[in-house]
Number of protein chains: 2
Amino acid sequence: MNIYDIAELAGVSIATVSRVVNDSPRVSEKTKQKVRAIMEENGYTPNVFARGLGLDSMKTIGILCPDVSDAYMATAVAHLERSMHEHGYDCILCCSGFEQSIKEKYVSLLLAKRIDALIMVGSTYAGVEGEESRIQYVLDAARQVPVFLINGYLDGENIYCAYGDDYQITYDVTSQMIESGRRRILFLCDSHSYSAVRKLAGYESALKSHGLPVLGDLKLYVKNRIHTVRDILLERRDLRFDSVIGTDDGLAVGAIKYANAKLLKIPEDICITGFNNSTLSICSDPELSSVDNRVEELCNITISNMMKILQEKDPQISRNCKVPCRLVKRCTTDF
Amino acid sequence: MNIYDIAELAGVSIATVSRVVNDSPRVSEKTKQKVRAIMEENGYTPNVFARGLGLDSMKTIGILCPDVSDAYMATAVAHLERSMHEHGYDCILCCSGFEQSIKEKYVSLLLAKRIDALIMVGSTYAGVEGEESRIQYVLDAARQVPVFLINGYLDGENIYCAYGDDYQITYDVTSQMIESGRRRILFLCDSHSYSAVRKLAGYESALKSHGLPVLGDLKLYVKNRIHTVRDILLERRDLRFDSVIGTDDGLAVGAIKYANAKLLKIPEDICITGFNNSTLSICSDPELSSVDNRVEELCNITISNMMKILQEKDPQISRNCKVPCRLVKRCTTDF
DNA sequence: ATGAAAGCGCTAACAC
DNA sequence: GTGTTAGCGCTTTCAT
């Protein structure tokens, strides 16, 4: 059943049917009714390919993230997908992992699909300082479609970023730890992403402004697996710390497991915070204080910007949107 | 840059270019080289819409799930997406929630996008006994494209199902609880989905074969939120039980929270198991024994079946694939 | 307000 | 082995 069939059944031309489908004002109400009835009866749906060919758009947004099975990204993707649908767009989802060549491959693949815009979820796409060549593919993509980064920042034409203020919140949390008497704060981290770098900067900056030394030993890079973190901490008997900032809830829960195994009192003996305010944080015992970096908010901003860009002529949008984070206090902190 | 431009630059016809793009054997190696070089130079990518129009397929698979922010589904989607890409297909992701009308809407939307196949993740799409009308839309969809259910079963032409043997594993777990001396086993559940129904059947059947009564009080339907479960259990002071089967890790962790709050010894005073073997289960304290229903395996089976159907003429595939589950024992069980 | 007809960029059947 | 050409189903001028 195609537009010709409908046109014939309705006794009009395909142009008129097309106009009805697109709700053009230049068709009489009467004709519209009639055509719509015929379409309804026959369960007609316009062929998206043909339409895409003509309009060079299929109203699809590409979403790229390293891994949807990660809770943070899953939340973001779920939120994005829902909002996009409300605006009449569909989502092609791709999970690129963290490897450079794969990321690049996926971006070209997505572009080849003629997506209307590209959303990249996760600070891994923001690249690392000193390795600017690795973000070239994002810059290139932005010349074809608007690119939106969630939880990362990248300066470039047609690239719009929304991210939590990781620097500030880490600065604040670190400061509060220091002010409540902590002196040896372990910074647990599992990557060198944009976000991780900002968190580290906030941490170090807080130490410095309180006249505390930045100790290399207290910056620990580990894999984000709860038992791995626990075991590494247990093994490093030389390492002394009275508090920990985990850049992800998984890392922080690993620290809780460590503390429990060593029969340390939380938060008295050791104070712990995580990031992302995921379900993990209410699962552990004691429950974890965790930074909420407001993914939903970041997603909303992104969608709102995207719609303006896709629909308006001259949108005027900030390419750089930083959102304050907040610490959700539970039982692993005493401030 | 389209096929005509390339043809002109290469000094051949568009047919030849098309053949090169599709790697047809009926082009001389020399011509291929030349055309490919030109395509490379000019960064040519075939227009997917035009191609879709001709072939009536864009090599995209629709994935429908109630909610990707759920860990179980996120794992499944991540796995599916990766495998699909390896086979040259892309995924359009839709999150339908649990409401009937929305599910139906999404399915027609996906079909309108001319997907090559539809994967439905989650037993919610398998419907409930006695409400056959609610699965009509799945049956209808299957007349257009092959439909694959993950973690649910539905008997219908062109519908292929892969699911864990929830009945058997719940029967086994219940039996082991009984044989290790438990008499009042609480069945915690948050839905009436196909999967939930099968689990309940296994539970009741085990009770019966051990000569134990099936008590209505011990079947509790609650929302899958950790604190909610804990609080409800704490409030129901009349309810007596010495063991808990949670049909999801979240529910079981709620039970752990309850036990901890009441200073019950786990597993001595109360024995607890969950489902899905998610990160939650290693987060809690004590760590939760949980049924692994092998999503990856289910996904692999599905993909493998799908590829056969999409590529072969007469595949011969079982529409009904049941996979055994296994209990991953941690610290909340004593058997 | 409506229709005729020219694309959109590709595939594939057919001709050579 | 390569070229010609007729669709695929729609949108969109341009007439009327």
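Predicted, not measured: the structure shown is a model, and the values here were computed from it.

*Asks:* Help me out: how do you make sense of the sheet that holds strand S12 (residues 326–328) of chain A in this one?
*Replies:* Sheet strands associate in pairs through backbone hydrogen bonding, adopting either a parallel or an antiparallel arrangement. All names here are of chain A. The six strands lie next to each other as S7-S6-S8-S9-S10-S12, forming an open sheet whose pairing is mixed. Lying at the two open borders of the sheet, with one neighbouring strand each, are strand S7 (219–221) and S12. Ignoring which end each strand starts from, the neighbouring axes of this sheet average 25° apart. Bridging between strand S6 (residues 185–189) and S7 involves three bridges; their strand directions are parallel. Pairing of Leu-188 across the sheet is with Leu-220, part of S7.

*Asks:* Explain the layout of surface pockets here, please?
*Replies:* Empty space among the atoms becomes visible once a probe the size of a water molecule is rolled across them. In this structure, the second largest pocket spans a volume of roughly 670 Å³. Of all the secondary structure elements, the ones that give two or more residues to the lining of the second largest pocket are helix H4 (48–55) of chain A together with helix H6 (100–112) of chain B. Residue composition of the lining of the second largest pocket, by class: eight nonpolar, seven polar and five charged.

*Asks:* Just checking my understanding: could you explain the protein's contact with DNA strand C for this structure?
*Replies:* Close contacts around DNA strand C come from 29 residues, with Arg-19 and Thr-31 of chain A together with Ile-3, Ser-18 and Tyr-44 of chain B the closest. Expressed as a percentage, the sugar and phosphate content of the atoms of DNA strand C within 4 Å of the protein is 65%. Here a phosphate oxygen of DNA strand C sits 3.0 Å away from a polar atom, N or O, in the main chain of Ser-28 of chain A. Take Arg-51 of chain B: an N or O atom from its side chain is 2.9 Å from a phosphate oxygen of DNA strand C. Counting residues per element, the ones that place at least two in the surface near DNA strand C are helix H2 (14–21) and H4 of chain A together with helix H1 (3–10), helix H2 (14–21) and helix H4 (48–55) of chain B.

*Asks:* Mind showing me how you'd approach the relation of the copies chain B and chain A here?
*Replies:* Between the two copies of the chain lies a rotation about an axis combined with a shift along it. Each copy superposes on the other: chain B lies on chain A with an RMSD of 0.1 Å after a rotation of 180° and an axial shift of 0.1 Å. Those values place the two copies in the arrangement expected of a two-fold rotation axis. By residue overlap, the copies meet face to face through one surface: 100% of the interface positions of chain B are interface positions in chain A.

*Asks:* Sorry, what's going on with unusual backbone geometry here?
*Replies:* A negative phi angle characterises most non-glycine residues, just as the trans form characterises most peptide bonds. Residue and element names in this part refer to chain A. Note that the residue after Ile-266, namely Pro-267, is joined by a cis bond; omega there is 5°. Along the polypeptide, Pro-267 turns up in the loop between helix H11 (249–261) and strand S9 (271–275). A positive phi angle is found at Asp-56, which is not glycine, with a value near 55°. Relative to the helices and strands, Asp-56 is located in the loop between H4 and strand S1 (60–65).

*Asks:* I keep staring at the packing of helix H10 (residues 226–235) of chain A against H11 of chain A and nothing clicks. Help me out?
*Replies:* Relative placement of two packed helices is described by the angle separating their axes and the distance separating the axes. Residues and elements named next belong to chain A. At a closest axis distance of 7 Å, the pairing of H10 and H11 adopts a crossing angle of 50°. Looking at the two axes, H10 sits oblique to H11. As for how H10 packs across H11, the hand of that crossing is right-handed. Listed contacts from H11 to Ile-226, Val-229, Arg-230, Leu-233 and Leu-234 of H10 are Gly-250, Leu-251, Val-253, Gly-254, Ala-255, Lys-257, Tyr-258 and Ala-261. A breakdown of the residues in the contact of H10 with H11 according to their chemical character gives nine nonpolar, two polar and two charged.

*Asks:* Teacher, can you tell me more about the sheet that holds strand S8 (residues 243–246) of chain B here?
*Replies:* All names here are of chain B. The strand order S7-S6-S8-S9-S10-S12 describes an open sheet built from six strands, whose pairing is mixed. Looking at strand neighbours, the two that pair on one side only are strand S7 (219–221) and strand S12 (326–328), the edges of this open sheet. For this sheet the average axis-to-axis angle between neighbouring strands, irrespective of direction, equals 25°. As paired strands, strand S6 (residues 185–189) and S8 are joined by four bridges and run parallel to one another. Across the sheet, the residue bridging to Phe-187 is Ile-245, located in S8. Sitting on the sheet, helix H11 (residues 249–261) is in contact with S6, S8, strand S9 (271–275) and strand S10 (289–292), with an inclination near 160° to S9.

What counts as what
- Residues numbered from 1 in each chain as written.
- Chains lettered and ligands numbered in written order.
- Predicted model: local features only at pLDDT ≥ 70, side-chain atom pairs only at ≥ 80, totals over all residues.
- Heavy atoms only, no water.
- Pairing = 2+ DSSP bridges.
- Helix = DSSP H or I, 4+ residues; strand = E, 2+ residues; numbered from the N terminus.
- Axes fitted to C-alpha atoms, helices over the stretch in contact; angles between N-to-C directions.
- 1 Å grid on protein atoms, 1.4 Å probe; cavity = no way out; pocket = protein on both sides within 12 Å on 5 of 7 lines; lining within 4 Å.
- Points joined across faces, edges and corners; volume = space filled by probe spheres on them.
- Nonpolar A, V, L, I, M, F, W, Y, C, P; charged D, E, K, R; others polar.
- Near = heavy atom within 4 Å.
- Polar contact = N/O pair within 3.5 Å; in protein donor to acceptor, adjacent residues only side chain to side chain.
- Least-squares fit on C-alpha atoms with pLDDT ≥ 70 in both.
- Contact = heavy atoms within 4.5 Å.
- Parallel < 35°, antiparallel > 145°, perpendicular 65-115°, else oblique.
- Left-handed = near helix turned anticlockwise from the far one by under 90°.

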